[in-house]
Each structure stands twice: as structure tokens, then as C-alpha cells.
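# Observations on the three-dimensional arrangement
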Amino acid sequence: MSTAKPHGTSAPAATTPYGTAPVAPRRNVSPTHDVILYFLALFIPPAAVFFKRGLKADFWINILLWILGWIPGVIHAWWIISRSEGAM
């Protein structure tokens, strides 16, 4: 008897005492590009957000936060860099 997976279930499964459970894909550590963006975010947070997300709402939110204070802009930029998968 074959234990073939049904079509469309490409996610890996983990065996638990209660059966098998899907496993979320692992996020890789930030690539070198992201490390450079973290460093850039220390000085010009909106530029780092722009390189990561483009002229989307995140960029304009970061501009406003940066105007309100340097620290909120940096925190928001680091959050965007860490949560975004790829560049634009």
C-alpha cells in the first residue's frame, strides 16, 4: 500500500503524538542586503524603507515617524526590514 500525498500538499509535515502537523517554512537570516539596510536605517530611516518597499504606504508612514522623532523612524524602519521578504 502506498502512502502518497494528495496533490497540492507540498508543505512538509512533522510527526507529533497526535498525528502529523504542517510545518511553517523557516525564515532565513537576513541577507547582506538587509544588514546594509539596517545600518542605513540608523542614519536615514526613510531611505532604508524605500529600498525595501518602494513608494508604498510604509515609506510615507516612516517619513512622518522620522519627522516626529528619529527613534520612532528607526524602529519602524527596522520593523519593515525584518518583516519584508524581499526588495520591492
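Presented here is an overview of the structure given in this document. (Residues numbered from 1 in each chain as written. Predicted model: local features only at pLDDT ≥ 70, side-chain atom pairs only at ≥ 80, totals over all residues. Heavy atoms only, no water.)

### Describing a nonpolar patch on the surface
Stated precisely, the cut-off is as follows: Patches here are clusters of residues that have more than 30% relative accessible area and form no salt bridge, with a 9 Å joining cutoff for like charges and a 5 Å cutoff for nonpolar side chains (Val, Leu, Ile, Met, Phe, Trp, Tyr). Surface exposure here means Shrake-Rupley accessible area, sampled with a 1.4 Å probe, where a residue is shielded only by the protein chains that are shown. For this analysis, a salt bridge means a side-chain nitrogen from Lys or Arg found within 4 Å of a carboxyl oxygen belonging to Asp or Glu. Helix and strand labels come from DSSP, where a helix needs a run of H or I of at least four residues and a strand needs a run of E of at least two; each type is numbered from the N terminus.
Taken together, the side chains of Phe39, Leu42, Phe43, Ile44, Trp66, Trp70, Ile71, Ile75 and Trp78 present a nonpolar region at the surface, about 930 Å² in accessible area. Looking at the nonpolar patch, the elements with two or more residues in it are helix H1 (32-43) and helix H4 (70-83). Per-element tally for the nonpolar patch: the top contributor is H4, with 4 residues. Along the chain, phenylalanine 43 falls in helix H1.

### Some details on the packing of H1 against helix H2 (residues 45-53)
Test applied: For helices, the fitted line uses only the C-alpha atoms of the stretch in contact; every axis is such a line through C-alpha atoms, and the angle between N-to-C directions lies from 0 to 180 degrees. Convention used here: angles under 35 degrees read as roughly parallel, angles over 145 as roughly antiparallel, angles from 65 to 115 as roughly perpendicular, and any remaining angle as oblique. What makes two residues a contact is simply this: any of their non-hydrogen atoms within 4.5 Å. Three classes are used: nonpolar for Ala, Val, Leu, Ile, Met, Phe, Trp, Tyr, Cys and Pro, charged for Asp, Glu, Lys and Arg, and polar for all others, with Gly counted as polar.
Two elements in contact, H1 and H2, have axes whose closest approach is 6 Å; the angle formed by their N-to-C orientations is 150 degrees. What the angle tells us is that H1 and H2 run roughly antiparallel. Residues Asp34, Leu37, Leu40, Ala41 and Phe43 of H1 pack against Pro45, Ala47, Ala48, Phe51 and Lys52 of H2. Here the residues of the contact of H1 with H2 are counted per class, giving 8 nonpolar, no polar and 2 charged.

### Quick word on the packing of H2 against helix H3 (residues 57-68)
Packing of H2 against H3 leaves a shortest axis separation of 9 Å and a crossing angle of 175 degrees. Between H2 and H3, the interaxial angle falls into the category roughly antiparallel. The residues of H3 that touch H2, namely those facing Pro45, Pro46, Val49, Phe50 and Arg53, are Asp58, Phe59, Asn62, Ile63 and Trp66.

### Let's talk about H3
To be explicit about the condition: Under the convention used throughout, the expected extent of a helix is 1.5 Å for every residue step, that is, one less than its residue count. The buried label goes to any residue with under 20% of its type's maximum accessible area, the exposed label to any with over 50%, and the partly exposed label to all in between, with areas taken from a 1.4 Å probe on protein chains only. In this description, one arc is meant: the one made by directions from the helix axis to the C-beta atoms.
The terminal C-alpha atoms of H3, which comprises 12 residues, lie 17 Å apart, in line with the 16 Å expected from a rise of 1.5 Å per residue. Within the span of H3, buried status applies to Asp58, Phe59 and Asn62. Down the axis of H3, the buried set is contained in an arc of 95 degrees. They therefore lie on one face. H3 presents Ala57, Leu64, Ile67 and Leu68 as exposed residues on the side facing more than 90 degrees away from its buried surface.

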